[in-house]
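Each chain is listed here by its residues.
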Amino acid sequence: MKDTSVDSLVIGSTGLIGRWLVPELTRQGRRVALLSRHVQTRAQEYQDWMAALGGEPRHLVFMEGDLDAPRLGLSPEDEASLQGVRDVFHLGARFAWHLPPEVARRTNVEGSRAVVELTSRLPARRRLVLIGGYRIGPRLDATGSVIPAPELSFSGAGAYEASKGLAHRVALETAAQLGVPITSVHPASVVGDSRTGATVQRLGLGDTLQRIHAGKTPVLLGSAETFVPVVSVDVMARFLAGVVEFPETRGQEYTLLDPATPPLHELLRWAAKRSGRSAPRIALPVSWVRWLPERLLGTAAESLDFLDTARYPVEPTLALARRMGLELPPVTTVLERWFDFLRDTGFSPDVDRARTASMTPR
């Protein structure tokens, strides 16, 4: 790649958040390098996606790379072409249940370390934006005071969640050592576009809604206070694109979620009603069902770790969003459009369907 005019680098551009962030960046006139595996086979599809979402495909530069490879698989020539990059957005991670710990460590932890190291070698760097997750960011205790999230270990949590927590810690430590300016953003469960409901994944809360829709959820897990917050993917993209424009966000952490998200049981009863199903009437504490085999749970046992009652400090994030001119859309509308999109696609969202939906806002 010979073009040296790129000013942004996005790692994880083909994932859910990346597919909305990259069009947002190009709409702002930024020229974006995308680091991805098998990049040439994905280029045309990605350009079509960009055009459908109102992005500027001509502002894209595709680069072959891999979080699992030494120095991200980039050659000295590749790195030389990134010398003008000001902002690096690290969205990449391996996300799945039942990940082998060594795989989660290699991709999520060591890959994040390599991203920080790469950023330290970019002379024009302004900011590294690191995507974490709301459960590894700060939270509120019973008095409303902000406290850090408990540290997770591979022996006490699923490999995905444990690796995300460790990756965040390693990235912050490495950035401090190498003098890399960093901002952490911790998203809630990222759901569909607030305008169309479109998404390209359902893993997590979407899987739970699928089971509700199919009538395969006989009981509700957790309590009436269990909270699985959401944020729409387009809001997430706009916040990420804007956060680098504020110098005071350097070194800060922001948790982005909609505090109006209904408690999980209320959300699932709403989904059952929208599906014409009878809502489950029995609720069981998570501690009662952890011993059950997954075939009876209907979900991965490690997903139960996400069912808690914690609440999170969001006002600093929402205040910053308002300074960007970004207001959260009504959460009921976001959930309705997302659920309808999932239902209309048979809970099998893909790029083609999401791209079509993006051209026909509800």
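What counts, and where the lines are drawn
- The numbering scheme is per chain: residues are counted from 1 as the chain's sequence reads.
- Totals for whole chains, interfaces and linings use all residues, but because this is a predicted model, local features are given only for residues with pLDDT of at least 70 and pairs of side-chain atoms are given and counted only at 80 or more.
- Hydrogens are left out, water is left out, and the side-chain values use all remaining heavy atoms of the structure.
- Take the buried Ala, Val, Leu, Ile, Met, Phe, Trp, Tyr and Cys residues and link them wherever side-chain atoms come within 4.5 Å; each set so joined is a nonpolar core.
- Type-normalised accessible area, obtained with a 1.4 Å probe on protein chains alone, sets the label of each residue: buried when under 20%, exposed when over 50%, and partly exposed for intermediate values.
- A helix here means a DSSP run of H or I that spans at least four residues, while a strand means a run of E at least two residues long, and both kinds are numbered starting from the N terminus.
- Contacts are residue-level and defined by heavy atoms, with any inter-residue pair within 4.5 Å sufficient.
- Lines fitted to C-alpha atoms define the axes, with helix axes restricted to the stretch in contact, and inter-axis angles between N-to-C directions lie between 0 and 180 degrees.
- Here the angle decides the label: under 35 degrees means roughly parallel, over 145 means roughly antiparallel, 65 to 115 means roughly perpendicular, and every other value means oblique.
- Two helices that cross are described as forming a left-handed crossing if the nearer one is turned anticlockwise from the farther one by less than a right angle, and a right-handed crossing if clockwise.
- Amino acids outside the nonpolar list (Ala, Val, Leu, Ile, Met, Phe, Trp, Tyr, Cys, Pro) and the charged list (Asp, Glu, Lys, Arg) are all regarded as polar, and Gly is one of them.
- One side-chain nitrogen of Lys or Arg within 4 Å of one carboxyl oxygen of Asp or Glu is enough to make a salt bridge.
- For two strands to be treated as a pair, DSSP must find at least two bridges joining them.
- Any helix carries an expected span of 1.5 Å times its number of residues minus one.

**Remarks on the nonpolar core**
Right, so step 1: By size, the foremost hydrophobic cluster in this structure holds 76 residues, and its most contacted members are Val10, Leu21, Phe239 and Leu240.
Right, so step 2: Tallying contributions element by element places helix H7 (residues 233-243) first for this core, with eight residues.
Right, so step 3: The residues touching Leu21, leaving out its near neighbours within four places in the chain, are Val10, Phe89, Leu91, Ala237, Leu240 and Ala241.
Right, so step 4: Within the second largest apolar cluster, 24 residues are counted, among which are Leu67, Val88, Val116 and Ala175.

**Details of the packing of helix H4 (residues 101-120) against helix H5 (residues 159-178)**
Right, so step 1: Look at H4 against H5: their axes get within 9 Å of each other, and the N-to-C directions meet at 20 degrees. Considered as vectors, H4 and H5 are oriented roughly parallel to each other. Here H4 runs over H5; the crossing is right-handed. Taken together, the residues of H5 that come into contact with H4 (itself represented by Pro101, Ala104, Arg105, Asn108, Val109, Ser112, Arg113, Val116, Glu117 and Ser120) are Ala159, Tyr160, Ser163, Leu166, Ala167, Val170, Ala171, Thr174, Ala175 and Leu178.
Right, so step 2: Of the residues belonging to the contact of H4 with H5, the class tally is twelve nonpolar, five polar and three charged.

**Quick look at the pattern of salt bridges**
If the charged atoms of two oppositely charged side chains come close together, the side chains can form a pair.
Right, so step 1: Throughout the structure, instances matching the rule amount to 26 salt bridges.
Right, so step 2: Between Glu56 and Arg58 there is a salt bridge whose closest N-O contact spans 3.2 Å.
Right, so step 3: Exposure remark for Arg58: the relative accessible area of 59% places this residue in the exposed category.
Right, so step 4: Close ionic contact of Arg126 with Glu245 constitutes a salt bridge, the shortest N to O distance being 3.3 Å. With Arg126 in the loop between H4 and strand E5 (127-131) and Glu245 in the loop between H7 and strand E12 (253-256), this residue pair connects regions lying 119 residues apart in the sequence.

**Let's talk about the pairing of E5**
Right, so step 1: Counting buried positions along E5 yields five of five residues, so the element is predominantly enclosed.
Right, so step 2: Neither face of E5 is exposed, since Arg127, Val129 and Ile131 on one face and Leu128 and Leu130 on the opposite face are all buried.
Right, so step 3: As paired strands, strand E4 (residues 87-90) and E5 are joined by four bridges and run parallel to one another. In the strand pairing of E5, Asp87 is matched with Arg127.
Right, so step 4: Across four bridges, E5 lies against strand E8 (residues 182-187) in parallel orientation. Residue Leu128 lies in a different strand from E8, and its bridge partner there is Ile182.

**Observations regarding the sheet that holds strand E2 (residues 32-36)**
Right, so step 1: Pairing in this open sheet of seven strands is parallel, and the strands run E3-E2-E1-E4-E5-E8-E12 from one edge to the other. Among the strands making up the open sheet, the edge pair consists of strand E3 (60-64) and E12. Here the strands of the sheet are splayed against their neighbours by 20 degrees on average, with no regard to which way each runs.
Right, so step 2: Those strands touched by helix H2 (residues 39-52) are E2 and E3, and its axis lies near 155 degrees from that of E3.
Right, so step 3: Docked against the sheet, H4 engages strand E1 (8-11), E4 and E5, running at close to 175 degrees with respect to E4.

**Structural notes on the packing of helix H1 (residues 16-27) against H2**
Right, so step 1: Between H1 and H2, the least distance of the axes is 10 Å, while the angle of their chain directions is 65 degrees. Of the two elements, H1 crosses H2, and the hand of that crossing is right-handed. Residues Gly18, Arg19, Trp20, Val22, Pro23 and Thr26 of H1 pack against Glu45, Tyr46, Trp49 and Met50 of H2.
Right, so step 2: Of the residues assigned to the contact of H1 with H2, the class counts are six nonpolar, two polar and two charged.

**Observations concerning helix H12 (residues 331-344)**
Right, so step 1: Taking 1.5 Å per residue, 14 residues should reach 20 Å; H12 reaches 20 Å between its end C-alpha atoms and fits that length.
Right, so step 2: For H12, every residue scored as buried is listed here: Val331, Val334, Leu335, Trp338, Phe339, Asp340, Phe341 and Leu342.
Right, so step 3: Where H12 is buried, its residues contact strand E9 (189-191), helix H6 (205-213), strand E11 (230-232), helix H8 (264-274) and helix H13 (351-358).
Right, so step 4: Backbone geometry just downstream of H12 places Gly346 in the positive-phi region, at approximately 65 degrees.

Function-wise, these values are silent; they only describe arrangement.
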